[in-house]
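As a plain string of letters, each chain reads:
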Amino acid sequence: MAEAHQAVGFRTSLTSDGAEVELSAPVLQEIYLSGLRSWKRHLSRFWNDFLTGVFPASPLSWLFLFSAIQLAWFLQLDPSLGLMEKIKELLPDWGGQHHGLRGVLAAALFASCLWGTLIFTLHVALRLLLSYHGWLLEPHGAMSSPTKTWLALVRIFSGRHPMLFSYQRSLPRQPVPSVQDTVRKYLESVRPVLSDEDFDWTAVLAQEFLRLQASLLQWYLRLKSWWASNYVSDWWEEFVYLRSRNPLMVNSNYYMMDFLYVTPTPLQAARAGNAVHALLLYRHRLNRQEIPPTLLMGMRPLCSAQYEKIFNTTRIPGVQKDYIRHLHDSQHVAVFHRGRFFRVGTHSRNSLLSPRALEQQFQRILDDPSPACPHEEHLAALTAAPSWFDKSFTLIVFSNGKLGLSVEHSWADCPISGHMWEFTLATECFQLGYSTDGHCKGHPDPTLPRPQRLQWDLPDQIHSSISLALRGAKILSENVDCHVFPFSLFGKSFIRRCHLSSDSFIQIALQLAHFRDRGQFCLTYESAMTRLFLEGRTETVRSCTREACNFVRAMEDKEKTDPQCLALFRVAVDKHQALLKAAMSGQGVDRHLFALYVVSRFLHLQSPFLTQVHSEQWQLSTSQIPVQQMHLFDVHNYPDYVSSGGGFGPADDHGYGVSYIFMGDDMITFHISSKKSSTKTDSHRLGQHIEDALLDVASLFQAGQHFKRRFRGSGKEDSRHRCGFLSRQTGASKTSMTSTYF
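Residues numbered from 1 in each chain as written. Predicted model: local features only at pLDDT ≥ 70, side-chain atom pairs only at ≥ 80, totals over all residues. Heavy atoms only, no water.

J.: Help me out: how do you make sense of the packing of aromatic side chains in this one?
T.: The geometry of an aromatic ring pair is captured by two quantities: the separation of the ring centres and the angle between the planes. Enumeration according to the criterion identifies 32 aromatic pairs in this entry. On the numbers, 6.5 Å between centres and 80° between planes, the contact of Phe430 with Phe633 is edge-to-face. Here Phe430 is found in helix α14 (residues 414-432), whereas its partner Phe633 is found in the loop between β16 (620-624) and β17 (646-647), with 203 residues between them in sequence. Overall, the relative accessible area of 7% leaves Phe633 in the buried class. Both rings, one in Phe485 and one in Phe670, keep their centres 5.3 Å apart while their planes meet at 15°; by these two values the pair is stacked. Placement of the pair is Phe485 in strand β13 (residues 480-487) and Phe670 in strand β19 (residues 668-675), with a sequence separation of 185 residues. For Phe670, a relative accessible area of 0% corresponds to the buried category. Three or more aromatic residues link up through ring pairs in this structure, and these residues are Phe487, Phe490, Phe494, Phe505, Phe551, Phe569 and Phe701. A cation over a ring is seen here: Lys224 above Trp235, with NZ or CZ 3.5 Å from the ring centre. For the cation-ring pair, Arg591 lies above Trp236, with the distance from its terminal atom to the ring centre recorded as 3.7 Å. (Phe/Tyr/Trp six-rings, centres within 6.5 Å; stacked < 30°, edge-to-face > 60°. Helix = DSSP H or I, 4+ residues; strand = E, 2+ residues; numbered from the N terminus. Buried < 20%, exposed > 50% of the residue type's maximum accessible area, 1.4 Å probe, protein only. Lys NZ or Arg CZ within 6 Å of the ring centre and 35° of its normal.)

Right, here's the structure in full:
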C-alpha cells in the first residue's frame with residue numbers, strides 16, 4: 001500500500017546528518033536492544049494472557065489437575081512416582097500439626113510443574129506444526145496426505161475457543177532467507193524492466209556483493225533472528241515509517257470509505273453517534289480479547305500483535321525520529337469541527353454512552369456558534385507537515401452522513417484497520433440501526449455535561465508555521481488525482497469458475513492495463529502479509545514478471561490466437577502465485593534486502609548493490625484490501641450495502657497507486673491515485689484501461705466472452721454513472737465535516 005512510497009524514501013532518513021549519528025551505534029548493541037524490546041512485550045502480554053485465561057490451558061485446568069492429584073493421594077495412589085514426597089522433604093517443617101498443609105503444598109507445586117510442562121510441550125509442538133508451509137505450495141483445491149495429517153494435528157494441539165492472542169507464543173519466527181536465493185530472485189525480478197546493459201551491470205554488482213559483504217551482513221541478521229521476535233519488523237517500523245520526514249498525508253496514511261451506494265442516515269451527528277459507539281464496542285471486545293484470531297484455511301492462525309495499538313495510540317513527532325505512544329485506556333474522543341477542538345466523554349459510570357447520547361453530544365458541537373480563536377482554525381494543518389496526521393486513525397463524518405477513515409500506517413497494516421472498519425459499518429447499520437426520522441435509537445440524556453471546548457495558548461509566532469503547513473497540505477492534496485469506480489460485470493465467482501486465483505487474475509490484468517497506458521513495463525509493488533510469523537508485517541510481491549510480460553506482448557500481438565494468449569496467461573498466474581506464496585512464507589526479496597542494507601549502514605559498509613536496490617522507483621504500487629468478515633454483510637438481500645474499500649497515494653511522482661476489493665461474488669471496486677502534476681499519468685485513463693483489460697482477459701475464457709457484449713451495451717455507461725454518483729456524494733460535503741480522533 002502506501003508503504004511502497006515510504007520504502008523508497010527510507011534511504012534518505014538513513015543518510016540525514018542526525019540519523020547518521022544515531023546509526024553509528026554498534027550493531028550488536030542495536031540487536032540487543034531489539035531483543036530487549038521484544039522480551040518486554042512478551043512479559044506484558046504474559047500477564048495479560050494469564051489473567052484472561054488464554055494460556056491456552058485456562059487456570060481452571062490447573063485446578064482440575066490439582067484436584068485429580070489430591071484425589072489420587074486420598075486413594076493412596078502416588079501419580080508423582082515419589083516426587084511429591086521429595087518436595088515435602090524440601091519444605092520447611094512447621095510442626096506435626098501442619099503435616100497435612102505440607103502435603104497440600106507439595107501437591108500444588110507438583111501440579112504447577114506438571115501443568116507448566118504440559119503447556120510448554122503444547123507450545124513447542126504447535127510451533128513446530130505451524131512452521132510447516134507445505135500447504136502453501138500445493139495447487140489450488142488440492143491437498144496432499146501430509147497436509148491433511150498436519151491439519152489434523154494442528155486441530156488437536158490448538159485447543160478450543162481461542163482468544164485473540166492465544167496463539168502468539170506458538171507462532172514461529174520469520175526465517176532469514178538464503179542470501180544467494182534472495183539475490184537470484186532479485187535479478188530475476190528486474191530483468192523485464194532493465195536493458196541488457198543495465199542488467200549486466202546490476203549482475204556484476206550483485207556478484208561483488210555476494211563475494212565481499214553478504215556473509216558478514218547475513219551473520220548479523222541470523223543473530224538477530226535468534227534473539228529478537230522478528231528480524232525485520234521493528235527496523236521496518238522505525239526506518240520506513242518513524243524516521244521518515246515526509247508528510248504523512250498522501251505519502252504514508254491510507255483511507256477507508258463508506259458504503260458504496262447508500263447512506264444509512266443523512267444526519268451527521270446521528271451517523272457519528274452510531275459509528276463512535278460501534279468503534280467503542282469493538283475496543284471493548286478487543287480489550288477482553290473476544291475478537292477471534294484470524295485463521296487461514298480455518299486453522300492456521302495469523303499474528304495478532306498489530307491489534308494492540310488500534311486505539312489510544314498517537315505518533316509523537318521528534319526531530320530525527322517519531323515515537324509511538326500507546327495508552328492503556330481512554331474515556332474520551334477528540335472532535336474537530338469548523339476549526340475548533342472539543343473533548344467528548346464516551347463513558348458514564350463506567351459504561352459506554354448510548355448512541356443517542358453520543359449523537360446529542362455531537363449535535364451540541366454542531367450547534368455551537370462560537371468561532372475559532374485566533375490561529376486555532378487552521379491549527380490542525382500542523383499535523384499535515386512532516387510527522388503529523390498523528391492519531392492511529394481518524395474518523396471523518398461528512399455533513400451528508402457519509403463516513404471515512406484516515407489511518408496512520410506505522411502501527412499496523414491495512415487488514416487490521418480493515419477488520420475494525422468492517423465491524424463498525426456492519427454494527428452501526430445493521431445492529432444499532434436508526435429510527436424512522438434518521439436519529440440514533442434510544443433517548444437523549446439531558447444530564448450529560450456539554451462537550452469541553454479545548455483552549456489553546458498560541459503565540460503569534462506560530463502563525464507563520466501554520467500558514468506554511470496549510471499551504472503545503474493544500475498543494476499536496478490538490479495534486480492528487482483519485483478515481484474510484486466499481487466494476488460489476490464479473491467478480492470473484494467468475495474467476496473461481498476459471499480455477500484461478502482472484503488476486504493473480506487482477507495483478508496480471510493490471511500489467512496489461514498499465515502497459516497500454518504507458519507503453520512500457522515497470523517495477524510493480526504488491527503488498528503481501530507475513531503474519532504467519534510472530535510480529536510479521538508485510539513483504540513485496542514483484543508482480544511484473546517475465547511471464548506476465550510475455551502474456552502482455554501476446555495480447556498486443558494481433559497474430560497471437562486466444563488459446564495462445566490463454567496459455568501464457570495461465571503461466572503468468574502460476575508464476576504470480578508462486579511469488580505470493582514465497583512472500584507469505586518468509587522467502588521474499590525486499591524485506592531481506594532491506595534488513596541487509598540497515599546492517600550495512602550500522603557497520604558503515606558501502607554496498608553499491610544494496611544502494612542501487614533501494615534507489616528503485618515503484619511506478620505501480622498495488623494492494624488488495626481483504627474482506628475478512630463477510631458474514632457481517634448480507635449482499636444477497638442488501639446488495640447496496642457493500643463497502644467500497646479504500647486506497648492510498650502513488651509511490652512515485654510519475655506512478656500510480658491501485659487498490660482493489662472484492663465485495664461479494666460479482667463486484668470489484670478499484671481505487672486509483674496519481675499526481676496531477678505528472679504529464680505521464682491519468683487516473684481516469686488507467687481506470688478505462690483496467691476495465692478493458694479485465695474484459696479482454698475474461699473473453700479468453702469461453703464462459704467470459706459475453707461480458708464484452710454486456711459492456712458495450714448498458715454496462716459501461718452504468719458503471720461510469722455510478723462512479724460519478726460516488727464522487728459527487730463525497731465531494732459535495734467537504735465544506736462541513738466532523739473529525740473524531742481516537
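Text resumes after the structure shown.
J.: What exactly am I supposed to notice about unusual backbone geometry here?
T.: Trans peptide bonds make up the majority, and among non-glycine residues the majority have a negative phi. Positive phi, normally seen in glycine, also occurs at Gln289, with a value near 55°. Inspection of the secondary structure puts Gln289 in the loop between α12 (268-287) and β2 (295-296). For Gln289, a relative accessible area of 1% puts it in the buried group. Despite not being glycine, His604 shows a phi value in the positive range, around 60°. Of note, His604 is situated in the loop between α20 (590-602) and α21 (608-613).

J.: For this particular structure, what's the right way to read the pattern of salt bridges?
T.: Should the charged atoms of two oppositely charged side chains come close, the side chains can pair. Overall, the coordinates contain 26 salt bridges when judged by the stated rule. One salt bridge connects Asp258 with Arg271, and the closest N-O pair in it is separated by 2.7 Å. Here Asp258 is found in the loop between β1 (254-257) and α12, whereas its partner Arg271 is found in helix α12, with 13 residues between them in sequence. In terms of burial, Asp258 and Arg271 fall into one category: buried. (Salt bridge = Lys/Arg side-chain N within 4 Å of Asp/Glu carboxyl O.)

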